[in-house]
Protein chains: 2
Amino acid sequence: MKYLFLIFFINFLPQYAGKSLSRDGNYPKTFEDIKKEIAGYSSIAKAIIDLAVHGKAQNRSYERLAVFADTIGPRLSGSKNLDAAIKYMFSALQEDRLENVHLEPVKVPHWERGEEFAVMLEPRNHSIAILGLGSSIATPPEGFVSAEPQQISFLTLLISICALTEDSTGCISCLLASGDRVKMGGDDYPGPLIHFLLEAIPLRSIWHKLIGITAEVLVVTSFDELHRRAQEAKGKIVVYNQPFITYSETVQYRSRGAVEAAKVGAVASLIRSIASFSIHSPHTGWQNYQPGVPQIPTACISVEDAEMMSRMSLQGTKVVVYLKMGAKTYPDSSSFNTVAEIVGSKYPEQIVLVSGHLDSWDVGQGAMDDGGGAFISWEALSLVKDLGLRPKRTLRLVLWTGEEQGGIGAEQYYQLHKKNISNFDVVMESDEGTFRPMGLAFTGTDEARDIVKEIMTLLLPINITDIYDTADGTDIDYWMRDGVPGASLRDDISKYFWFHHSHGDTMTVQDPNQMNLCAAVWTVVSYVIADMKEMLPR
Amino acid sequence: MKYLFLIFFINFLPQYAGKSLSRDGNYPKTFEDIKKEIAGYSSIAKAIIDLAVHGKAQNRSYERLAVFADTIGPRLSGSKNLDAAIKYMFSALQEDRLENVHLEPVKVPHWERGEEFAVMLEPRNHSIAILGLGSSIATPPEGFVSAEPQQISFLTLLISICALTEDSTGCISCLLASGDRVKMGGDDYPGPLIHFLLEAIPLRSIWHKLIGITAEVLVVTSFDELHRRAQEAKGKIVVYNQPFITYSETVQYRSRGAVEAAKVGAVASLIRSIASFSIHSPHTGWQNYQPGVPQIPTACISVEDAEMMSRMSLQGTKVVVYLKMGAKTYPDSSSFNTVAEIVGSKYPEQIVLVSGHLDSWDVGQGAMDDGGGAFISWEALSLVKDLGLRPKRTLRLVLWTGEEQGGIGAEQYYQLHKKNISNFDVVMESDEGTFRPMGLAFTGTDEARDIVKEIMTLLLPINITDIYDTADGTDIDYWMRDGVPGASLRDDISKYFWFHHSHGDTMTVQDPNQMNLCAAVWTVVSYVIADMKEMLPR
């Protein structure tokens, strides 16, 4: 804290107390000089805006994103789709004649949801829409029944047998030993049928999907309520019906709902989606187990189903849910951050980094999270190139991998490049939508902020000049924590959490006009910072 | 037309030309008299409003609906759920001590969607959310493949065999004749396995769900485009990506999309849901085949998937979809309109009818369509009873059955009761949501409208006094066409078609405060009309 203040003081002094020699031997500018320098970019800024919003590049980022998202689909870390996306972008950036297009290897988590579904069995049959949470385990292959299912069918029994034999052939041998015919569910079936069924692996894998957990639910609206009612949780599926307050506040139910439920003996947890509005749409996301706490399967359900089970419980109605999840975690997978540049004319080693993440969740198209951010970042380089501009510093595009698992690609990038931290001028990420832009969120010293505020005046032609506290972006946090100035796009996120991590994150939510404006903001800011005489103070 | 004018003229004259003897021997009122009479209801109106909005009945219609919708779930005509709903309401209305609680038999269509799903196979695998349309046939049990699937698995072949043997055992015999082992998909499998699999009926029913239509799609945005491109449609699945204009205009794509596609040789049609907003949510609804036109399977898909396939086609990308629908139409089923009354004190034979429909689609909870309308109609009778009021005329609640198939219950009710049409004072239905009420839509003569407009002034305490053209309600149309005045609730439907006929039609969209206000409007209007000295003029 004291140290930070010192840095601030050192940076602060020259601006107001007079001039001293700067790194390149010139006297640093007064703020009036800087204002004049920035004002000098007004015709370039107008050219960028014209090209992005009204000119030949109009709708380009949207159209590129549409073809990409339609071709590739969702891009979860570890998936073939993400590999395909990286290859696609590698080619596309080369075809766009950007410089130093390359891939930087990263190890990312590889989790697959597999088949999953949930059914409310009591008080009535109702199919529950779920999305398993990233890193969740599967329901146990041998199943778990703590509430008596309404009926055991022949099929259910077959399934149970098939499931058991994956780990133990004892049980089925038992059954077969009883003779040519096997009694199950009141009927008897030919022994050879069972025998052959067990040989048919592809069929067995289908039946497996029907093995899961059948248990009564305990509905709570908060961790507090869960702790108060801890003694009721044993052997149950805990359903969290927490209200949506803000994403950052409410997301803790997704992150640690399973851990808290497991601590009090629950066999699974179902969490109301972290969504500010729902049309029966579950939202996925990452969750974290804790060492020493049993791992239980966990998924998000729709707001509607959470509310319904909550109402039923309040009425004293017993609710029984059947849950099947086939999720599996594989060894970490090879992936890449995708990089392209416009190399700086004067200080090529100095970097203005613009970015979005290329990976997404495995539902929808990842068009909003973070297709939009990735593609306006690409657009920034394209627009600069199309205008024949070359800034003094290097404008570097990074399309992160493994963001959704906690900024995995960005962390490895940081470890690899932090030795050059003094050359990082600003790190920018757009990862909160590319809806109607409102301005720029910035993290940095007051002096740097003043400069960026002045740069934003160049966006007056499209009336997007506001600057906000503070920049936000999982992938740029590593740098900002070490004092590198950071910026993120601020846009109208009123509907962002309607679609976030859900099947609804598709091109339908993207708007070409809004993306044009976002690209204009992103490009003007990054180009001007990259081209100014001095790096931003830190 | 001439006749209607005459009726109008006869009704019109007395009001302005003086007084003549009315049916009961008194001089009819001038409009000033009527205004005074209506003003006399202001304390009763206030009492109704107080009870519904602020008093003991506050939130009652919402709470009753929640328990009902949670207990019963969706209620499609012909389903056990609808039977359960009718029984539930019969008991509930009796327990509420309403009068003449009874059921009137009706035959309703019985269609079941069965299992259904769709997958885009090319250009990439993508699960398409669908909802089959009411009255649609299934995909053919023998399947249909006009585009080569990406791969034929052992499983797919097994399925095909199992499917075929339902209608023909020839094919499988052929295969078995080839010896002890059967070659399929490059591998060979033991003949007895196939034999036993075929004996296991429950398993066969699972495999069946994988037999369907595999075909390239033709995406069009209008019937015009379909007709222009008619020669491209043969053997394809037609995908309609029509924009949402208004429900009444756009719904024609749902109603006759299959017929128009079949006329040009399509094998199925997938229709962009009739929705003004979507979070990857398909919306179902009734559709109509035409005599002489081949019947093809038809379903709605999400706005997002329709737009995506449209974009892909515009890019020249071949799109192949696999569609499976297990829909089935059964013989008409026995059902009932559910009726309860508060019998009139002076003219018990004269009827003010308040209504909503009890049936719904088979997804979500039917909480909005038309749980809300049905339950504020019930609430109207409850509020009148709770206040110890008994109007001069009978206040009759009808909860229609079979509305979603085209007002089936209402038509049979009309046929049964139309002989008493002169005793029907007004027919009211709420079937367009019970969101924030804006007023009353009315169909009737100008004279009747003036009276109802005056009645609406009684709702000034809650500031809902507007009257609109014209009343809307499938179930009351039969009466309005014959000149009976009709009224429907007008409310804020800005989100109605976000949820309509989708999994999103749940209690989550209902708001207790809004329902209180709706119930107040509904009760004041129906009670006052039922209690005024004269029936509404027609």
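Residues numbered from 1 in each chain as written. Chains lettered and ligands numbered in written order. Predicted model: local features only at pLDDT ≥ 70, side-chain atom pairs only at ≥ 80, totals over all residues. Heavy atoms only, no water.

1. Regarding the overall build of chain A
Thought 1: Scanning chain A for helices and strands turns up 19 helices and 19 strands.
Thought 2: In chain A, buried positions account for 60% of the 538 residues.
Thought 3: Long-range pairs, those at least 24 residues apart, make up 81% of the contacts in chain A between residues at least 6 apart in sequence.
Thought 4: Total accessible area on chain A stands at roughly 21,000 Å², and carbon and sulfur atoms take up 54% of it. (Helix = DSSP H or I, 4+ residues; strand = E, 2+ residues; numbered from the N terminus. Buried < 20%, exposed > 50% of the residue type's maximum accessible area, 1.4 Å probe, protein only. Contact = heavy atoms within 4.5 Å. Areas by Shrake-Rupley, 256 points an atom, 1.4 Å probe, with all protein chains shown as cover.)

2. Looking at the side chain of Ser77 of chain A
Residue and element names in this part refer to chain A.
Thought 1: With respect to the secondary-structure elements, Ser77 resides in the loop between α4 (60-72) and α5 (80-95).
Thought 2: You can call Ser77 buried: its relative accessible area is 1%.
Thought 3: Once residues within four sequence positions are removed from consideration, Ser77 is found in contact with Leu82, Val108, Pro109, His110, Trp111, Asp359, Ser360, Gly402 and Gln405.

3. Regarding the sheet that holds strand β13 (residues 328-342) of chain B
Residues and elements named next belong to chain B.
Thought 1: The eight strands lie next to each other as β1-β13-β15-β14-β16-β19-β17-β18, forming an open sheet whose pairing is mixed. Lying at the two open borders of the sheet, with one neighbouring strand each, are β1 (99-112) and β18 (466-468). The average undirected angle you get between the axes of adjacent strands in this sheet is 25°.
Thought 2: Inspection of the sheet shows strand β17 (residues 437-443) paired to β18 by three bridges, in the parallel sense. The partner of Ala441 across the bridge, within β18, is Tyr468.
Thought 3: Contacts between helix α16 (residues 446-456) and the sheet are confined to β17 and β18, with β17 contributing the most and set at about 160° to the helix. (Pairing = 2+ DSSP bridges. Axes fitted to C-alpha atoms, helices over the stretch in contact; angles between N-to-C directions.)

4. Side note on helix α13 (residues 303-314) of chain B
Residues and elements named next belong to chain B.
Thought 1: Helix length check: α13, at 12 residues, gives a terminal C-alpha distance of 16 Å against a target of 16 Å (1.5 Å per residue), a fit within 8%.
Thought 2: Counting buried positions along α13 yields nine of 12 residues, so the element is predominantly enclosed.
Thought 3: Within the sequence span of α13, burial applies to Val303, Glu304, Asp305, Ala306, Met308, Met309, Ser310, Arg311 and Met312.
Thought 4: Gly316 occupies a position one or two residues after α13 and carries a positive phi of about 85°. (Expected span 1.5 Å × (residues − 1).)

5. Description of the side chain of Asp70 of chain B
Thought 1: Turning to its location among the elements, Asp70 of chain B is positioned in helix α4 (residues 60-72).
Thought 2: The class of Asp70 of chain B is buried, set by a relative accessible area of 6%.
Thought 3: Apart from residues no more than four positions distant in its own chain, Asp70 of chain B is found in contact with Arg124, Met308, Arg311 and Met312 of chain A together with Gln365 and Met507 of chain B.

6. Observations concerning the packing of helix α3 (residues 42-54) of chain B against helix α19 (residues 512-531) of chain B
How two helices pack is summed up by the angle between their axes together with the distance between the axes.
All names here are of chain B.
Thought 1: Direction vectors running N to C along α3 and α19 enclose 155°, while the axes themselves pass 9 Å from each other. One way to sum up the angle between α3 and α19 is to call them roughly antiparallel. Note on packing geometry: the crossing formed by α3 with α19 is right-handed. Across the interface between the two elements, Ile44, Ala45, Ile48, Ile49, Ala52 and Val53 from α3 touch Asn516, Leu517, Ala520, Thr523, Val524 and Tyr527 from α19. (Parallel < 35°, antiparallel > 145°, perpendicular 65-115°, else oblique. Left-handed = near helix turned anticlockwise from the far one by under 90°.)

7. What about the environment of Lys46 of chain B?
All names here are of chain B.
Thought 1: Considering the arrangement of structural elements, one finds Lys46 in helix α3.
Thought 2: When its relative accessible area of 45% is taken as the criterion, Lys46 is described as partly exposed.
Thought 3: A C-alpha to C-alpha distance of 55 Å links Lys46 and Pro291, two positions 245 residues apart in sequence.

8. Points about the packing of aromatic side chains
Residues and elements named next belong to chain B.
Thought 1: Enumeration according to the criterion identifies 45 aromatic pairs over all chains in this entry.
Thought 2: Look at Phe68 and Phe375: their rings are 5.0 Å apart centre to centre, the planes differ by 40°, and that puts the pair in the tilted class. Placement of Phe68 in helix α4 and of Phe375 in helix α14 (residues 367-386) is noted, with a sequence separation of 307 residues between them.
Thought 3: Residue Phe375 is classed as buried on the basis of its relative accessible area of 1%.
Thought 4: For the pair Tyr414 and Tyr478, a centre-to-centre distance of 5.8 Å together with 25° between the ring planes defines the contact as stacked. (Phe/Tyr/Trp six-rings, centres within 6.5 Å; stacked < 30°, edge-to-face > 60°.)

9. Remarks on the sheet that holds strand β15 (residues 393-400) of chain A
Residues and elements named next belong to chain A.
Thought 1: Spatially, the eight strands line up as an open sheet ordered β1-β13-β15-β14-β16-β19-β17-β18, and their pairing is mixed. The strands lining the two open edges of the sheet, one partner per strand, are β1 (99-112) and β18 (466-468). Averaged over all neighbouring strand pairs, the angle between strand axes comes to 25°, with direction disregarded.
Thought 2: Here strand β14 (residues 347-357) runs beside strand β16 (residues 424-429); their pairing, made up of five bridges, is parallel. Across the sheet, Val352 pairs through a bridge with Val426, a residue of β16.
Thought 3: Packing of α5 onto the sheet brings it into contact with β1, β13 (328-342) and β15, and relative to β13 it is tilted by some 10°.

10. So, the confidence of the model for chain A
Residue and element names in this part refer to chain A.
Thought 1: Of the residues in chain A, 82% reach a pLDDT of 70 or more, and the chain-wide mean stands at 87.
Thought 2: Taken as a whole, residues 1-21 scores under 50 in pLDDT and shows 22 contacts with residues more than four places along the chain or in a different chain.
Thought 3: This model gives residues 195-209 a pLDDT under 50, and the stretch forms 38 contacts once residues within four places in sequence are excluded.
Thought 4: Per the prediction output, this complex has pTM 0.87; the corresponding ipTM is 0.87. (pLDDT = per-residue confidence, 0-100.)

11. Description of the pattern of salt bridges
Residues and elements named next belong to chain A.
Thought 1: Per the counting criterion, the structure on display carries 38 salt bridges over all chains.
Thought 2: Among the ionic pairs, Arg229 bridges to Glu232, the shortest N-O distance being 2.9 Å.
Thought 3: Between Asp386 and Lys385 there is a salt bridge; the shortest N-O distance is 2.8 Å.
Thought 4: By relative accessible area, which is 17% here, Lys385 ends up buried.
Thought 5: Each member of the salt-bridge network shares a partner with another, and the members are Arg60, Arg64, Asp96, Glu379, Lys385 and Asp386. (Salt bridge = Lys/Arg side-chain N within 4 Å of Asp/Glu carboxyl O.)

12. Observations concerning the packing of α4 of chain A against helix α14 (residues 367-386) of chain A
Residue and element names in this part refer to chain A.
Thought 1: Where α4 meets α14, the closest approach of the two axes is 9 Å, and the angle between their N-to-C directions is 130°. Here α14 runs oblique to α4, going by the angle between their axes. The crossing of α4 and α14 is right-handed. Across from Arg60, Ser61, Arg64, Leu65 and Phe68 in α4, the residues of α14 making contact are Ala367, Gly371, Gly372, Phe375, Ile376, Trp378, Glu379, Ser382, Leu383 and Asp386.
Thought 2: A class-by-class count of the residues in the contact of α4 with α14 yields seven nonpolar, four polar and four charged. (Nonpolar A, V, L, I, M, F, W, Y, C, P; charged D, E, K, R; others polar.)

13. Brief notes about α5 of chain A
All names here are of chain A.
Thought 1: Given a rise of 1.5 Å per residue, 16 residues ought to cover 22 Å, and the 22 Å separating the end C-alpha atoms of α5 matches this to within 8%.
Thought 2: Along α5, the residues that are buried comprise Leu82, Ala85, Ile86, Met89, Ala92 and Leu93. In a view along the axis of α5, the buried residues occupy a sector of 135°, so they form one face of it. The exposed residues of α5 that point more than 90 degrees off its buried face are Lys80, Lys87 and Glu95.
Thought 3: Close packing links the buried residues of α5 with α4, β1, β13, α14 and β15.
Thought 4: Two residues or fewer after α5 comes Arg97, characterised by a positive phi angle close to 60°. (Arc of directions from axis to C-beta.)

14. What to know about the pairing of strand β9 (residues 237-240) of chain A
Residues and elements named next belong to chain A.
Thought 1: Along β9, one buried face is formed by Ile237 and Val239 and the opposite face, lined by Val238 and Tyr240, is buried too.
Thought 2: Examined bridge by bridge, strand β8 (residues 213-220) and β9 share four bridges and lie parallel to one another. Note on β9: the bridge partner recorded for Val217 is Ile237.
Thought 3: Remark: the β8/helix α10 (residues 223-228)/β9 crossover connection has right-handed handedness.
Thought 4: Two elements, β9 and strand β10 (residues 268-272), share four bridges in a ladder whose sense is parallel. Bridging across to β10, Val238 finds its partner in Ser269. (Right-handed = clockwise from strand over helix to strand, strands pointing away.)

15. Brief notes about the environment of Ser281 of chain B
Thought 1: Locating Ser281 of chain B in the fold gives a position in the loop between β10 (268-272) and β11 (298-301).
Thought 2: In the structure, Ser281 of chain B is positioned 218 residues away from Phe499 of chain B in sequence and 8.6 Å away in space, judged by C-alpha atoms.
Thought 3: Apart from residues no more than four positions distant in its own chain, Ser281 of chain B is found in contact with Ile279 of chain A together with Ser273, Ser302 and Glu304 of chain B.
Thought 4: There is a polar contact of 3.2 Å between the side chain of Ser281 of chain B and the backbone nitrogen of Ile279 of chain B. (Polar contact = N/O pair within 3.5 Å; in protein donor to acceptor, adjacent residues only side chain to side chain.)

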